[in-house]
Amino acid sequence: MPQDWLFGLVGGGIIGLAGSVYLLVNGRIMGASGIIGGLVDGSARETGRERAAFLAGLVLVPGLAVLLTGGADTHLTGNLAVVAAAGLLVGLGTRLANGCTSGHGVCGISRLSLRGIVATVFYILAGGLTVVFFRHLLGVI
Amino acid sequence: MRDLFAFLAGGLFGVGLLISGMTDTTKVQGWLDVFGNWDPTLAFVMGGAIVPMAAAWAFARGRRPALGGAFPPAPEPRLGRNLVIGSVLFGAGWGLAGLCPGPAIASATWGGVGGAVFLLAMAGGMWGAPPLRARLAEVEQPA
């Protein structure tokens, strides 16, 4: 759709607002991989409930919005082997790098963090090469 | 109170991801696919999110979080092997499926079996990261 960029800009603004609330009110960086990762590997300790509340909002609120507006589709590939490999890489990679698109990308770049900028350059380059290789050369995705 | 605002922030984040199209893997892979039908949406999402976030960081300077505690310390200046290797692995997975952690969690209720498989695999990867991270940090220590 031609107005996709506008939805992108507005949705992005809401993401920035969410990150601002989490920073200015709770004093925390809104990084999706860090918030869930700390729960998964047990390193969260006393911040566990706050993380769980964030994740509950992240699942329930858009879930309700989709329910009310009549559905959405992630258009995820049906190849479950690819999906599993991708999930494994995303989980491992974001925890090694200590951040993903929200933590390094949105929250890091916005405070000119060198780590955030370098991480973003590397994951976009790797993502681009992966799509070129697996889509245009192998035709798997 | 902390939990309430965490829920609110998570909810806003999810709605932003949904509206911006980032829970649609075709838009993410479209952004990464520079040799295909390139989709610039992700750049607008990033730009739209970074501007208010930069304002929040500026506002935070010299203040305290509204609910007490302290703001995160200044960003760590050292890059390190973990950051680069981790980001490359993450980028590869992101390109393969078109999902990163935020949208993967946000779409849990409508992502179907594939979405659940992705989330389980992601949790597995996260669970396996700390030992590897320690190992890589060890290798990195100068002799």
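Since this is a predicted model, take the numbers as computed values, not measurements.

1. Considering the pattern of salt bridges
Inspection of every chain in the model, using the stated rule, returns eight salt bridges over all chains. The residue Asp-3 of chain B makes a salt bridge to Arg-49 of chain A at a minimum N-O spacing of 2.6 Å. Taken together, the positions of Asp-3 of chain B in helix H1 (residues 2-20) and Arg-49 of chain A in helix H3 (residues 48-69) put the pair across two chains. By relative accessible area, which is 64% here, Arg-49 of chain A ends up exposed. As a salt-bridge pair, Arg-2 of chain B and Glu-50 of chain A come within 3.2 Å of each other at their nearest N and O atoms. Here Glu-50 of chain A lies in helix H3 and Arg-2 of chain B lies in helix H1, a pairing that spans two chains.

2. A short note on unusual backbone geometry
All names here are of chain A. Its identity is not glycine, yet Arg-45 carries a phi of approximately 55 degrees, on the positive side. Among the structural elements, Arg-45 can be located in the loop between helix H2 (32-40) and H3. Judged by relative accessible area, which is 67%, Arg-45 ranks as exposed. If you check the backbone angles, Asn-98 has positive phi at about 65 degrees while not being a glycine. Relative to the elements of secondary structure, Asn-98 occurs in the loop between helix H4 (80-97) and helix H5 (101-109).

3. Considering the confidence of the model for chain B
Mean pLDDT over chain B: 94, with 97% of residues reaching 70 or higher. When pLDDT is averaged over each helix and strand of chain B, the minimum, 90, is found for helix H6 (residues 112-140) of chain B and the maximum, 98, for helix H5 (residues 101-106) of chain B.

4. Focus: empty space enclosed by the protein
Evaluated as defined, the whole model comprises one cavity of 30 Å³ or more. The calculated volume of the largest cavity comes to roughly 180 Å³. What lines the largest cavity is a set of 20 residues, among which Thr-101 of chain A together with Leu-17, Met-22, Val-45 and Cys-100 of chain B lie closest to the centre. Put simply, the parts of the chain that give the lining of the largest cavity at least two residues each are H5 of chain A together with H1, helix H3 (41-60) and H5 of chain B. Considering every element that reaches the lining of the largest cavity, the biggest residue donor is H3 of chain B, with four residues. Each residue belonging to the lining of the largest cavity can be placed in one class, and the counts come to 16 nonpolar, four polar and no charged.

5. A word on the packing of aromatic side chains
Following the criterion strictly, the structure yields eight aromatic pairs over all chains and no others. The interplanar angle of 90 degrees and the centroid separation of 5.5 Å between the aromatic rings of Tyr-123 of chain A and Trp-94 of chain B together place this pair among those described as edge-to-face. Remark: Trp-94 of chain B occurs in helix H4 (residues 81-97) and Tyr-123 of chain A occurs in helix H6 (residues 114-137); the pair is interchain, linking two chains. Here Tyr-123 of chain A matches Trp-94 of chain B in class, with each residue buried. Taken together, the ring pairs connect Tyr-22 and Phe-54 of chain A together with Phe-13 of chain B into an aromatic cluster. Between Arg-111 of chain A and the ring centre of Trp-57 of chain B, over which it is positioned, the NZ or CZ distance is 4.3 Å.

What counts and what doesn't
- Residues numbered from 1 in each chain as written.
- Chains lettered and ligands numbered in written order.
- Predicted model: local features only at pLDDT ≥ 70, side-chain atom pairs only at ≥ 80, totals over all residues.
- Heavy atoms only, no water.
- Salt bridge = Lys/Arg side-chain N within 4 Å of Asp/Glu carboxyl O.
- Helix = DSSP H or I, 4+ residues; strand = E, 2+ residues; numbered from the N terminus.
- Buried < 20%, exposed > 50% of the residue type's maximum accessible area, 1.4 Å probe, protein only.
- pLDDT = per-residue confidence, 0-100.
- 1 Å grid on protein atoms, 1.4 Å probe; cavity = no way out; pocket = protein on both sides within 12 Å on 5 of 7 lines; lining within 4 Å.
- Points joined across faces, edges and corners; volume = space filled by probe spheres on them.
- Nonpolar A, V, L, I, M, F, W, Y, C, P; charged D, E, K, R; others polar.
- Phe/Tyr/Trp six-rings, centres within 6.5 Å; stacked < 30°, edge-to-face > 60°.
- Lys NZ or Arg CZ within 6 Å of the ring centre and 35° of its normal.

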